[in-house]
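If you want the building blocks of each chain, they are given just below.
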Amino acid sequence: MKTLTRFSNALMERYLPDPYIFVAILTLLVFLLGVTLTDSTPLQMATYWGDGFWGLLSFTMQMVVVLLAGHVLASSPVFKKLLSSMASTAKSPGSAILLVSVVSLIGCWINWGFGLVIGALFAKEIARKVKNVDYRLLIASAYSGFIIWHGGLAGSIPLSIATEGHPFAEKMGVIPTTETLFTTYNLVIVIALLISVPLLNRWMMPSKEDTFSIDPSLLEEDTEDENEQNEVKTPASRLENSYLLSVLIGLLGLVYLVQHFITKGFDLNLNIVNLIFITLGIVCHGTPKRFLVAVKNAAKTVGDIVIQFPFYAGIMGMMVASGLAGVVSEAFISISNEHTFYLFTFYAAGIVNFFIPSGGGQWAVQAPIMLDAAAALDLSYAKTAMAIAWGDAWTNMIQPFWALPALAIAGLRAKDIMGFCVFVLILSGIVISIGLYFF
């Protein structure tokens, strides 16, 4: 395994471009495929791209806030102590890799936004504590937990079809999570990944001479000398250093969150995760001034995300409007039967995910085609939906789109971790295939 990971890392280092170059190449590839495989003209494909370019603007802002707010919370004194205490339980590089993997997997099973940020922040804290741990593998282990998200409590597809009035309710009805998330096959997949992914990450530890360690001092956040005691006391400065103001805002957020969970149950959507992070960040930093210093430091990490998400929205626009996503799905349906349908649905979703890295967007594109095929073969709508969901999660392991938040927090490049993630892709593909085929 050490030889394989060394080869994979060298390959990625040489040939994997920056995530922006990756999305630019994907844009041109989808443009050419749309012109070649559909009836769309070059002018129409350009129009589809431009029309879709801002389609993820709201989602982009959500992702920016989850990254920024999670970073702010983690840099607060209270949370730093908590992460530091957890990190202190790792006594060796091997236990560090295992611990980060497990924390990330559990976090992403609860909620993907929470797990993605917490996993990366926890990995960064462990890198400060544990000597001779490979920093690239540590961050890759944190990102590997993302493989489990669509089979977890915040999976967008199973939660969507469990909601009254969802877009495909007339065709498939309302399907409770007992028929998706809490089925035998899904729980088998989840448990198998919870066990196997940490062990694989531990197995991929490079030899001592190939280990990429990082100076812990480089992971410290920039700080500003606030000179609170020496500054002139003015009404404005008193507000900036007011604990009371932070407490009152924190109470306002807490009241809303309590009311939300009482009335809507465990609805841990991305907006709620962001509000939790922001509310805790305000309270844990104590004063508005300290909170804003943390925001300023965190803002340095969001640039790559802001510029790349519109390009993925443009790709999604071309895939949907041209019918190219349907072409991919129908190609797999044409070679499917009642025994292989769920497997090929999973593989088709994995391919489509490269171009539409949004679970909700992918479901909107593939559901009409796959549900009709399931009906023709007299197969389960619920399992078809979960096959698409797992396909959406699967190829995230080598699609740098979702790695951007973790990379921004860690200060690494996609090529630094993707050599490890290739093996997580292979392992998880085998595990999910077995779960969908045999259970």
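For the structure itself, look to the data block above.
Before going into details, it helps to say that this report is about the structure given with it. Just so you know, these numbers come straight off a predicted model, no measurement behind them. (Residues numbered from 1 in each chain as written. Predicted model: local features only at pLDDT ≥ 70, side-chain atom pairs only at ≥ 80, totals over all residues. Heavy atoms only, no water.)

**A closer look at the overall build of the protein chain**
Turning to step 1, where the next piece is worked out: Helix and strand content of the protein chain: 22 helices and 0 strands.
Turning to step 2, where the next piece is worked out: Considered along the principal axes of its C-alpha atoms, the protein chain spans approximately 75 × 50 × 45 Å.
Turning to step 3, where the next piece is worked out: Residues classed as buried in the protein chain amount to 55% of the 439 residues present.
Turning to step 4, where the next piece is worked out: By sequence separation, contacts in the protein chain at least 24 residues apart represent 79% of the contacts at least 6 residues apart.
Turning to step 5, where the next piece is worked out: Summed over all atoms, the accessible surface of the protein chain reaches about 19100 Å², with 67% contributed by carbon and sulfur.
Turning to step 6, where the next piece is worked out: Averaging the coordinates of the 24 positive side-chain charges in the protein chain and doing the same for the 29 negative ones gives two points 12 Å apart. (Helix = DSSP H or I, 4+ residues; strand = E, 2+ residues; numbered from the N terminus. Buried < 20%, exposed > 50% of the residue type's maximum accessible area, 1.4 Å probe, protein only. Contact = heavy atoms within 4.5 Å. Areas by Shrake-Rupley, 256 points an atom, 1.4 Å probe, with all protein chains shown as cover. Lys, Arg positive; Asp, Glu negative; His and termini not counted. Charge placed at Lys NZ, Arg CZ, Asp CG, Glu CD.)

**A word on helix α5 (residues 77-87)**
Turning to step 1, where the next piece is worked out: Of all the residues in α5, the buried ones are Phe79, Leu83, Ser84 and Ala87. All buried residues of α5 fall inside an arc of 135 degrees around its axis, so they share one side. The exposed set on the far side of α5, more than 90 degrees from its buried face, consists of Val78 and Lys81.
Turning to step 2, where the next piece is worked out: Looking at the buried side of α5, the elements it contacts are α4 (57-74) and α7 (112-129). (Arc of directions from axis to C-beta.)

**Concerning the pattern of salt bridges**
Turning to step 1, where the next piece is worked out: In this structure the tally under the stated criterion is 6 salt bridges.
Turning to step 2, where the next piece is worked out: The salt bridge involving arginine 6 is made with aspartate 210; its shortest N-O contact spans 2.7 Å. Residue arginine 6 is found in helix α1 (residues 2-15), and its partner aspartate 210 is found in the loop between α11 (184-203) and α12 (235-240); the two are separated by 204 residues along the sequence.
Turning to step 3, where the next piece is worked out: Of the residues examined, aspartate 210 reaches a relative accessible area of 29% and is grouped as partly exposed.
Turning to step 4, where the next piece is worked out: By sharing partners, the salt bridges in this structure join Glu13, Arg413 and Asp416 into a single network. (Salt bridge = Lys/Arg side-chain N within 4 Å of Asp/Glu carboxyl O.)

**Let's talk about the environment of arginine 136**
Turning to step 1, where the next piece is worked out: With respect to the helices and strands, arginine 136 occurs in helix α8 (residues 135-144).
Turning to step 2, where the next piece is worked out: Separated by 274 residues in the primary sequence, arginine 136 and alanine 410 have C-alpha atoms spaced 9.1 Å apart.
Turning to step 3, where the next piece is worked out: Those residues in contact with arginine 136, other than ones at most four positions away along the chain, are Asn9, Pro206, Asp210, Phe212, Leu412, Asp416, Ile417 and Phe420.
Turning to step 4, where the next piece is worked out: A polar side-chain atom of arginine 136 sits 3.2 Å from the main-chain carbonyl oxygen of aspartate 210. (Polar contact = N/O pair within 3.5 Å; in protein donor to acceptor, adjacent residues only side chain to side chain.)

**Remarks on the nonpolar core**
Turning to step 1, where the next piece is worked out: Formed by 127 residues in total, the largest nonpolar core has its most connected members in Tyr143 and Trp363.
Turning to step 2, where the next piece is worked out: Within the second largest apolar cluster, 6 residues are counted, among which are Val72, Ile282, Ala294 and Ala298. (Core = buried A, V, L, I, M, F, W, Y, C linked by side-chain atoms within 4.5 Å.)

**Structural notes on the packing of aromatic side chains**
Turning to step 1, where the next piece is worked out: Inspection of every chain in the model, using the stated rule, returns 19 aromatic pairs.
Turning to step 2, where the next piece is worked out: Aromatic side chains phenylalanine 146 and tryptophan 402 sit 5.6 Å apart centroid to centroid with 50 degrees between the ring planes, which places their arrangement in the tilted category. With a gap of 256 residues between them, phenylalanine 146 in the loop between α8 and α9 (156-161) and tryptophan 402 in the loop between α20 (381-394) and α21 (404-410) connect regions that are remote in the sequence.
Turning to step 3, where the next piece is worked out: Ring centres 6.2 Å apart and planes at 70 degrees place the aromatic pair phenylalanine 344 and tyrosine 347 in the edge-to-face group. Taken as a pair, phenylalanine 344 and tyrosine 347 lie in helix α18 (residues 341-355) at a separation of 3 residues, close to a single helical turn.
Turning to step 4, where the next piece is worked out: Here the guanidinium or amino end of lysine 383 rests over the ring plane of tyrosine 185, the centre of that ring lying 4.8 Å away. (Phe/Tyr/Trp six-rings, centres within 6.5 Å; stacked < 30°, edge-to-face > 60°. Lys NZ or Arg CZ within 6 Å of the ring centre and 35° of its normal.)

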